[in-house]
Structures are given as structure tokens and as C-alpha cells.
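Close look at the chain arrangement
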Amino acid sequence: MDYDAFFQNKIDDLHKEGRYRIFAPLERLCGQFPKALYHTSDGDKKEVTLWCSNDYLAMGQNKVVLNAMREATEKTGAGAGGTRNICGTTPYHLLLEQSVADLHHKQAGLVFSSGYVANQGALSVLAGLLPNCVVLSDEKNHASMIHGIKDSRADKLIFKHNDLDHLESLLKVLSKDRPKLIAFESVYSMDGDIAPIKEICDLADKYGAMTYCDEVHAVGLYGPRGGGISEEQGLLDRVDVLEGTFGKAYGLMGGFVTGSAPVIDAIRSYASSFIFTTSLPPALLAGSYASVEYLKTSEIERARMKKNVAYLKKTLDREGLPYLKGPSHIVPLIVGEPTCCRMVTDTLMQDYNIYVQPINYPTVPRGTERLRLTATAAHDAKHIDLLVGALSELYAANHLMQYAQA
Ligand SMILES: *Cc1c(COP(=O)(O)O)cnc(C)c1O
């Protein structure tokens, strides 16, 4: 078999469907975010404004965070030197795990290499250990949750997105003594809508289910201490397991789960993707700790971001541009056609020095291709005016409203 030809064919399929992924090489400039240097394919560099970063609060260039990272590196060196089980658990790990447990008022926390690995590891253990468990999973759950549920080999029932009636209809017919796990997100990362957490927990109580909530796009951002939507809505004690990342609002990388001591200890003890991998380096852990602790008290960044998000939405409204109206900070601007979606982002980059990555199938359903705009704490009104001005011109010149309304 000609293996190369086979794989080239698979790549060609992606090109044909207009969903071949092209990565943009970006050199972030510390202290100048949301500006960055875009490295073009012909070796040039040009300054662009980032409009799709998850560094929502600009913590990636926060002095407190950078100092903590430097200090940890000077003190202990580069890597952790082992897996958590063998020589790679440091005081930085334990401190960060206490910090996230405290963030969610839970008994325990556990740190993973990433939010993806946290979801995959935690869900595979929880649903895998519970005998004859059935997982009730929101249809829009992130790939990492789907991966974890699949690895658990438990039965899975998918409920319509944020649909309580559908969820209850599925719960109702399950035998009473069968273990159940409801897995969902708080802020959905591609649509920017928010789950009815309280009502899901009410159903979980009624039918004896455990609850697992991915707060990846909410930790650091919502709630008086950045605990997420569950904290903002006073529901921290209602959700059994909360999951988050240090990679988005906290500005670094790494993931975590929080919950009761036995649940977290079970995940620690049984999750392969937690045990059989080198643990995170002290610099990352110290940076994440500094970031989490900082955002437990500092409101300035959250307030700035909210102000920018509100102004972005208002400006899009004024221009009549078609974004999904939701309660969160995520602003999905619908294009509705994959080739146009890429054309818009290419033109923004070439002619306006604005970088937004097109979001196409399979990340979102076909026909809903979009630009996922993120106004961060580091943007200002001028950035927003420039962006919306450019988008207005592009939508008008290319008659793009026809796709968005189809
Ligand atoms: C980004 C994301 C993750 C994964 O988190 P990482 O720390 O980036 O691996 C998990 N869940 C959701 C909903 C996400 O958007």
C-alpha cells in the first residue's frame, strides 16, 4: 500500500470541504497584548490585533504571574523531573490543588496537564468505576468530555443542548438504582450560551445522579472570586465535580478538577492520563497559583473585559451584524458558509491586520460557520471600532448576510 498517497487523499478531502486547518504563527509580545507579530509564509512579520484569544483577562502578561514563574524557575529549575507518582510531585502541585479546592469550596482538587486531559481522565474514571453507569451528556459537550466518556465504556445518552425536558425524559426511564452521571458545561465555548445549572442539579437530585460541570470558559471570569458560573449563581455546593483550565482566563496552561475528597482521590488513583505522564513544571504551577489567587480578589480585569464585551455587542448591533446573542463574554459572529468564513478571516488579516481564526465544521455544525470573537480586558474601544468597521465593509461588499440568515 502507498501509505503517503492514502494520507494525502485524506488531506485532500479536507481541502475540498474547505475545512483544512491552517495555523497562524503568532509571536505574542509581552506587555502589548492584544497585539502580536504574525509571521507570514514569505518570512515577513507584521503587527496584528488578536481577536480570538482565550487569554481573556491578559493574565498571560500579568506581572504577578510572570514574577512567580521566574522565581519558581530560579529556585527549582525547569522541569518537575518525573511523573506525579515517581519523583514529580512538588510543593507547587499541592499548593495549586489547595488553591483550586478553596476556589470552589470543595474538599479537594487535582491538577492535570491540560483541561482536555482533566476531562478525559476524570470522566473516564468516574463513569468507568461506577458499576453499570449511564452518562447523560449534553450534545454540545467539548471533545475532551466525549473522549473521557468513550474511554469509560459506560452507556451514554445524549440530551439536546441545555434541554431540561429532554434530559428528564431520559432520566425518567432509567432504573432507580442505576448510577447516573450528568456531564455538561457552564459556558459553551462556541455559542457563548450558559447551562441551566440549578435546574440540572435539581433533576440530578430528583433522579439520584452525580453532576459534572466543565467551567473551562468561566473560571477566573465569573463569580466574585472567579470560581465560575456555579459560584456566580451560588451553586458550588450543588455540582459534584467542577472542571477548569489554567489555559484560558488564567493565562497559562494546565487543567483541574475539584470535588469531594473520595471522588478526587479516586480520580488521582485511577486516571491513567494523570499518573502515566510527566507532571507540570514548577514555573507553570507557580504562575497558575499566582493567577488563581490574584483573581480571587482583583475585579479590575473582569470589569474591563465585561465593559469591552458590552461595547463590542453594542457596536455589532448598531451595524446589524449577525452574532449569536448570549449572556456570556463569547461573541460568535455567524458567516454560515465555510469558504466565505475563510475568505473573511483571510481578508481581515491581509487588509486590516486583524487576526480571527475561522471556526468551521466539525467544531460547529455546517451552515453555522463563524468567527468566534473574544473581547479581552486588554482591548479598548478603538480596537473594537476598527474590527466592527472592517466586518461591516466585508459583509456589505460580499453580500454575506444571505448565508447568515439562511
Ligand atoms: C479548551 C477547552 C477544554 C480544554 O482545556 P485545555 O486546558 O485547553 O486543554 C475543555 N473544555 C472546553 C469546553 C474547552 O473549551
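Please refer to the structure higher up on the page.
Residues numbered from 1 in each chain as written. Predicted model: local features only at pLDDT ≥ 70, side-chain atom pairs only at ≥ 80, totals over all residues. Heavy atoms only, no water.

Description of the nonpolar core
Counting residues in each nonpolar core, the largest one holds 90 residues, and the members touching the most others are Ile 182, Leu 312, Leu 316, Leu 371, Leu 373 and Leu 391. Among the elements that line this core, the one with the most residues is helix H14 (residues 381-397), at seven residues. With near-sequence residues (within four places) excluded, Leu 371 lies in contact with Val 331, Pro 332, Leu 333, Val 335, Cys 341, Val 344, Thr 345, Leu 348, Val 356 and Leu 391. Residues Phe 112, Leu 126, Met 145 and Val 263 belong to the second largest nonpolar core, which totals 27 residues. (Core = buried A, V, L, I, M, F, W, Y, C linked by side-chain atoms within 4.5 Å. Buried < 20%, exposed > 50% of the residue type's maximum accessible area, 1.4 Å probe, protein only. Helix = DSSP H or I, 4+ residues; strand = E, 2+ residues; numbered from the N terminus. Contact = heavy atoms within 4.5 Å.)

A look at the site of the ligand
Lining the immediate environment of the ligand, one finds 13 residues, of which Gly 115, Asp 214, His 217, Thr 245 and Lys 248 sit closest. Measuring from an oxygen atom of the ligand, one finds a backbone N or O atom of Gly 115 at 2.7 Å. Within the backbone of Tyr 116, a nitrogen or oxygen atom sits 2.8 Å from an oxygen atom of the ligand. A total of 380 Å² of accessible area belongs to the ligand in isolation, and the protein chains cover 84% of it. Looking at the shell around the ligand, the element that brings in the most residues is helix H4 (residues 115-129), giving three residues. The residue inventory of the shell around the ligand, partitioned by class, reads two nonpolar, eight polar and three charged. (Near = heavy atom within 4 Å. Polar contact = N/O pair within 3.5 Å; in protein donor to acceptor, adjacent residues only side chain to side chain. Areas by Shrake-Rupley, 256 points an atom, 1.4 Å probe, with all protein chains shown as cover. Nonpolar A, V, L, I, M, F, W, Y, C, P; charged D, E, K, R; others polar.)

A look at the layout of surface pockets
For the largest pocket, the calculated volume is near 910 Å³. Among the secondary structure elements, those contributing two or more residues to the lining of the largest pocket are strand S1 (26-28), helix H5 (143-152) and strand S14 (370-374). A breakdown of the residues in the lining of the largest pocket according to their chemical character gives 14 nonpolar, eight polar and eight charged. (1 Å grid on protein atoms, 1.4 Å probe; cavity = no way out; pocket = protein on both sides within 12 Å on 5 of 7 lines; lining within 4 Å. Points joined across faces, edges and corners; volume = space filled by probe spheres on them.)

Observations concerning H4
End to end, H4 covers 21 Å across 15 residues, agreeing with the expected 21 Å (1.5 Å per residue, within 8%). For H4, the tally of buried residues reaches twelve of 15 residues, placing the bulk of the element in the interior. Three or more residues of H4 are buried, namely Gly 115, Val 117, Ala 118, Asn 119, Gln 120, Gly 121, Ala 122, Leu 123, Ser 124, Val 125, Leu 126 and Ala 127. At the N-terminal boundary of H4, the capping side chain belongs to Ser 114, with an oxygen 3.2 Å from the backbone nitrogen of Tyr 116. (Expected span 1.5 Å × (residues − 1).)

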